[in-house]
Amino acid sequence: MPAANPPTIGVLALQGDVREHVAALELLGCATLRVRRPEELAACDALVLPGGESTTMARLARTFGLMEPLREAVAAGLPVLGTCAGMILLADRVVDGAEGQETLGGIDMTVRRNAFGRQVASFEGPVEMAGLDEPVHGVFIRAPWVEEVGPGVEVLARVDHGEAAGRIVAVREGHLMATSFHPEVGGDSRVHQLLVDLVRPRSRAE
Ligand code: GLN
């Protein structure tokens, strides 16, 4: 039975692949909101930080007056999924960032930006992910990987072949999730469903 009140999931819409995330969320029956202003952020039950360019997104978040509201929302427990550049934004620490690169932080991890070498700067393939029965088709585009995680961070996926084998490419810490790859292509919304699942206990408690 569909929920009487589907959750409203925001997609940070300053830059990046916003439309693909909106489509993936609509397939799940969520209400969606493109977030460019603090008032829009306040109306969301959860948020997606899309792929794109993390330095540009952080700079625009500052310009649009969203940096502090985003940090506050993360600290207050808003469920957030960051993909690729969005993963970088959720990292407490970044290696090989641009000079002075800001993040929102929230996940106790060190992320290496543009980590996959020039040879494999972009590739795609199946990724086994904790919590999902079948692998996700992961699309990696100048993707980061996670170099190290703190004790509270759950590793959801690692690369299972090639030069990058063993590298962490999906994590969760409480209400925050991040993937190195783009899970939003090809009509598969299962990773987005994991985000929506984080909304429910919160709404029930209200
Ligand atoms: N390399 C980009 C960055 O540093 C991320 C690439 C992506 O999101 N596809 O932000």
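Residues numbered from 1 in each chain as written. Predicted model: local features only at pLDDT ≥ 70, side-chain atom pairs only at ≥ 80, totals over all residues. Heavy atoms only, no water.

Engineer: Hey, could you go over the packing of aromatic side chains for me, with residue numbers and the actual values?
Structural biologist: All chains considered together, the criterion is met by 5 aromatic pairs. When the ring of Phe 116 is compared with that of Trp 145, the centres are 5.1 Å apart and the planes differ by 80°; the resulting orientation is edge-to-face. Placement of Phe 116 in the loop between β6 (107-112) and β7 (122-127) and of Trp 145 in strand β9 (residues 145-149) is noted, with a sequence separation of 29 residues between them. On the basis of relative accessible area, Trp 145 is assigned to the buried category, the value being 11%. (Phe/Tyr/Trp six-rings, centres within 6.5 Å; stacked < 30°, edge-to-face > 60°. Helix = DSSP H or I, 4+ residues; strand = E, 2+ residues; numbered from the N terminus. Buried < 20%, exposed > 50% of the residue type's maximum accessible area, 1.4 Å probe, protein only.)

Engineer: Give me the lowdown on the UniProt feature "active site" (unreviewed entry) in the protein, citing residues and values where you can.
Structural biologist: The sites that carry the UniProt feature "active site" (unreviewed entry) are, in the present numbering, Cys 84, His 182 and Glu 184. A maximum C-alpha distance of 11.1 Å places the annotated residues, which cover 101 residues in sequence, within one compact spot. Its location among the elements puts His 182 in the loop between β12 (176-179) and α6 (190-205). Residue classification places His 182 among the buried residues on the basis of a relative accessible area of 8%. Every residue in contact with His 182, bar those within four places of it in the chain, is listed here: Asp 17, Gly 51, Cys 84, His 137, Val 139 and Ile 141. (UniProt positions renumbered as here; feature names shortened; annotations may be inferred. Contact = heavy atoms within 4.5 Å.)

Engineer: Mind laying out the UniProt feature "binding site: L-glutamine" (unreviewed entry) in the protein, listing which residues take part and the relevant values?
Structural biologist: Within this numbering scheme, the UniProt entry marks Gly 52, Glu 53, Ser 54, Arg 113, Ile 141 and Arg 142 as carrying the feature "binding site: L-glutamine" (unreviewed entry). A compact arrangement is adopted by the annotated residues: their sequence extent is 91 residues, whereas the largest C-alpha distance between any two is 12.7 Å. Of note, Gly 52 is situated in the loop between β3 (46-49) and α3 (54-63). Its relative accessible area of 40% is what places Gly 52 among the partly exposed residues. For Gly 52, the residues in contact, after removing those within four places along its chain, are Gln 15, Gly 16, Met 57 and Ala 85. Among the secondary structure elements, Glu 53 is positioned in the loop between β3 and α3. Classification of Glu 53 as partly exposed rests on a relative accessible area of 27%. Setting aside chain neighbours within four positions, we find Glu 53 in contact with Gln 15, Ala 85 and Arg 113.

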